Amino acid sequence: MKTLIATAQLQREIDSLAAISENPSPVVTRVLFSEADLRGRAFVKKLCRRAGLAWREDAVGNIFARWEGADKSLPPVATGSHIDAIPNAGKYDGVVGVLGALEAIRALKKSGFRPKRSIDLVIFTAEEPTRFGIGCLGSRLLGGVLPAGKAATLKDRDGKSLETWRKQAGCRGGLSSVRLPKNGYSAFIELHIEQGPILEKENISIGIVEKIAAPSTLRLQLTGVGGHAGALLMPNRHDAGLAGAEISLAVEQAALHSGSPDTVGTTGIFKIEPGAVNSVPYRAHLEIDLRDTNLKTRNAALKQVEKSAHEVCKRRGVKLKLVRLNVDPPAICDAGLVKMISGICRAQKISCKKMISRAYHDSLFMAQICPITMIFIPCRKGYSHRPDEYSSPGQIEKGVRVLAQTLAAISS
Ligand SMILES: [Zn+2]
């Protein structure tokens, strides 16, 4: 079957969605439930309607646009991604997996293909953690990884709750209704930019994801004793900043010596108070990101970091409050799907390689309910989450073509 991808139209739609932003072009900012996010969602719904897809929205705002299959008794297949964007982002992260998937469906329709299983295009709510501090909010609820009761307690920095936000945005029903049954889909495929430099460097068109690394995030609040930088003598100090510094180094050591080359540890947030040159820091806020493709070594490194934090704080007489924000397992992608997509690439004469996704995506949580994999396309220099993020129309076309062929194969 031949699928013709309307590359120019798809690019126009990507550009139009990018123009719906809280900041002027080329910056894309669409934080969950902001005015720009709501307009972006309305734009995508309009395109789905135009493509003849009926959509529904669940209680947290996940959108499901369906191409009805011939046999409604079979579990549908799904594809999709997200359109929310962190502050100062670009136009391709997530969007390629939404508008590209819509174009894949339109191309299949035009080719005369009729699916046996229904095909759902899912637009996930809040893949980015900007508003509530937790990434993949929509897919976590769908996959049952985040209990509805816990989600209901989420609040943003201004104290406004998810409950208030979602009702204001017009989402109806209780959060517990979001969860999908196991095997509610027969497969889920996500198209996404690589967000890394490998495909571009090796001049390969498609990455097929075999594994998604297991993420975890810790939030630490250290409280020591502040005072005048001149008057408070060294033996009497309980410096929260220094305790934080030691813990950051312990994160590096735990990642370096975990025994797995894939363990990465980052102290991405480190703020001290009061933040004056002549004042001993009495408080430090740290947020630590620790990931690995191997759950055993990730968990061991996580324990090591927590142990070090307690030791350092005890020795320095600093009070420690430690919260695990999320501790997720890795996802192993379905070997059958990976093999099928390799075959499709070969038949289409498109170069491909198997990859690990070190960033996490909604697919990580869809793996809780059905077999998954991801299709990566190259992006310039691996840049992402910045306004100069870029994939060429030709690179996107190949990704969409492989996705279309894959959807045809798994829905017939
Ligand atoms: Zn993304």
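Look a little higher up for the structure.
First, a word on scope: everything that follows refers to the structure included in this document. Note that the structure is a prediction, hence the values are computed from the model and not measured.

Between S25 and P26 the backbone carries a cis peptide bond, its omega angle lying at 5 degrees. Of note, the amide linkage connecting E273 to P274 takes the cis form, showing an omega dihedral of 5 degrees. Mapped onto the elements, P274 comes out in the loop between β11 (264-273) and β12 (279-280). Despite not being glycine, N88 shows a phi value in the positive range, around 65 degrees. Relative to the helices and strands, N88 is located in strand β5 (residues 85-89). We note that K381 has phi near 55 degrees; this positive angle belongs to a residue other than glycine. Its location among the elements puts K381 in the loop between β17 (372-377) and α12 (393-411). Look at K381 and you get exposed, because its relative accessible area is 54%.

Protein coordination at the zinc ion comes from H82 (NE2), D93 (OD) and H192 (NE2), with a distance range of 2.0 to 2.2 Å. Between consecutive donors of the zinc ion, the numbers of intervening residues give the motif H-x10-D-x98-H. In this pair, H82 is assigned in strand β4 (residues 77-82) and D93 in the loop between β5 and α3 (95-111), connecting sequence segments eleven residues apart. Comparing H82 with D93 shows no difference in burial state: the two are buried.

Following the criterion strictly, the structure yields 20 salt bridges and no others. Of the charged contacts, one joins R316 and E246 as a salt bridge, the two residues approaching to 2.8 Å between their closest N and O atoms. Here R316, found in helix α9 (residues 295-316), pairs with E246, found in helix α8 (residues 240-256); they are 70 residues apart in sequence, far enough to count as distant. Given the relative accessible area of 25%, R316 is considered partly exposed. Notably, a salt bridge pairs R386 with D388, separated by 2.7 Å at the nearest N-O pair. Exposure remark for D388: the relative accessible area of 32% places this residue in the partly exposed category. Through salt bridges that share partners, E13, E103 and R106 make up one connected network.

About the thresholds
Residues numbered from 1 in each chain as written. Predicted model: local features only at pLDDT ≥ 70, side-chain atom pairs only at ≥ 80, totals over all residues. Heavy atoms only, no water. Helix = DSSP H or I, 4+ residues; strand = E, 2+ residues; numbered from the N terminus. Buried < 20%, exposed > 50% of the residue type's maximum accessible area, 1.4 Å probe, protein only. Donors = N, O, S within 2.8 Å, 3.2 Å for Na, K, Ca; no water. Salt bridge = Lys/Arg side-chain N within 4 Å of Asp/Glu carboxyl O.

By themselves, these observations are geometric and do not establish any function.
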